[in-house]
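# A closer look at the structure
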Amino acid sequence: MLEASLLIYAVIAYLSSMASYFMYISFRNEGISTAAKWLLICGFLLHCVSIGHRIAASGRLPFSNLYESMTSFAWGIVLIYLIVEIVYKIKEIGAIAVPVAFLATLYASTLDKSIEPLMPALQSNWLIAHVGVAIIAYGIFAISFGAAVLYMLKEYFDLKWLPDKEKLDELTYKLIALAFPFLTLVVVTGAVWAEQAWGTYWSWDPKETWSLITWLIYLGYLHSRLVLKWKGKVSVWLAIIGFLAVVFTYLGVSFLLSGLHSYTQ
């Protein structure tokens, strides 16, 4: 199957890119960082073709099951990381962000790739809106997580070659501030979609509850930053906790808690 083969090649390219980013932060060689970026771009293009093949075969966007959403979320992380690297020139984040994308793509490559008819709850244009904004939000949060982890490495191990903590803290804030409106849209579009599919905007389903918890964590981060003027370690810890909540909302709930969203398994 061409789609599966292309995805495997993308996984290999992401693995090579990840190893190169690790080498870059170890040896500080610009040639290695350039190779890491181009390997990532190569993997991303293969990933794009794989997803395009899926769209052509299914006649819809790849948002309907765990395999499709996982490969789409990994694609979003890579796209947003490449944009951030180009804009902010902080290549070290690749050593954190690329492994996240690699693991997500690797996991997706192991899942069932058969194309099934959409179940009734998914036969809605709100599916595109809801998952589309989630890909953007979660991708940006993944990169903010990378910046936050680098901050903590600098804080606790005093790694001189990492970017300044203030720069990493500020980038973490900018990314979360950018992602938060998209996360809000995730909650809103999910509520509207739920009303159409199940007749209620909110049912305290585990996925809904954890989406709200995640939203409140990031709201707390922005409130503490803008109103309480928190910066530095405490603020960065909130950013890390927020992304862990994102991961649990997306994967943990599906596997550990039963509910209306169990079709994602």
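Residues numbered from 1 in each chain as written. Predicted model: local features only at pLDDT ≥ 70, side-chain atom pairs only at ≥ 80, totals over all residues. Heavy atoms only, no water.

## Things to note about the overall build of the chain
For clarity, the threshold we go by: Only runs of H or I of at least four residues qualify as helices and only runs of E of at least two qualify as strands under DSSP, and these elements are numbered from the N terminus. The globule rule used here is 2.2 Å times the number of residues to the 0.38 power, and the radius of gyration it is set against is calculated over C-alpha atoms. To sort residues, take the accessible area from a 1.4 Å probe on protein chains only and compare it with the maximum for the residue type: under 20% means buried, over 50% means exposed, and anything in between is partly exposed. Only heavy atoms matter for contacts: two residues are in contact if any of them lie within 4.5 Å across the pair. Accessible areas in this description were obtained via Shrake-Rupley with a 1.4 Å probe; residue shielding takes into account the shown protein chains only.
Counting secondary structure elements, the chain contains eight helices and zero strands. Beginning at the N terminus, the succession of helices and strands in the chain can be written as α-α-α-α-α-α-α-α. In terms of overall size, the chain behaves like a compact globule, its C-alpha atoms giving a radius of gyration of 19 Å where 265 residues would be expected to give roughly 18 Å. Dimensions of the chain, computed from the C-alpha atoms along their principal axes, are close to 55 × 50 × 30 Å. Taking all 265 residues of the chain together, 52% fall into the buried category. Here the analysis covers contacts within the chain between residues at least 6 apart in sequence; of these, 78% occur between residues at least 24 apart. Carbon and sulfur atoms make up 71% of the accessible area of the chain, which totals about 12000 Å².

## Things to note about a nonpolar patch on the surface
Spelled out, the test is: Any residue with relative accessible area above 30% and no salt bridge may belong to a patch, with like charges joined within 9 Å and the nonpolar Val, Leu, Ile, Met, Phe, Trp and Tyr side chains within 5 Å. Every case where a carboxyl oxygen of Asp or Glu lies within 4 Å of a side-chain nitrogen of Lys or Arg is listed as a salt bridge.
On the surface, a nonpolar cluster with roughly 460 Å² of combined accessible area is contributed by Leu226, Val227, Leu228, Trp230 and Val234. Among the secondary structure elements, Val234 is positioned in helix H8 (residues 233–256).

## Examining the packing of helix H5 (residues 125–157) against helix H6 (residues 165–198)
Packed helices, taken two at a time, are described by the angle between their axes plus the distance between the axes. Heads up, the condition is: An axis is simply a line fitted to the C-alpha atoms; with a helix, the fit covers only the stretch in contact. Between two such axes, the angle follows the N-to-C directions and lies from 0 to 180 degrees. Orientation is classified from the angle alone, with under 35 degrees giving roughly parallel, over 145 giving roughly antiparallel, 65 to 115 giving roughly perpendicular, and any other angle giving oblique. By definition, any crossing whose near helix is turned counterclockwise from its far helix by less than a right angle is left-handed, and any crossing with a clockwise turn is right-handed. The classification used treats Ala, Val, Leu, Ile, Met, Phe, Trp, Tyr, Cys and Pro as nonpolar, Asp, Glu, Lys and Arg as charged, and all other residues, Gly among them, as polar.
Following both chains from N to C, one finds H5 and H6 inclined at 155°, their axes separated by 7 Å at the closest point. If you check the angle between H5 and H6, you find them roughly antiparallel. Regarding H5 and H6, the two cross each other, and that crossing is left-handed. Considering only residue class, the contact of H5 with H6 consists of 28 nonpolar, six polar and four charged.

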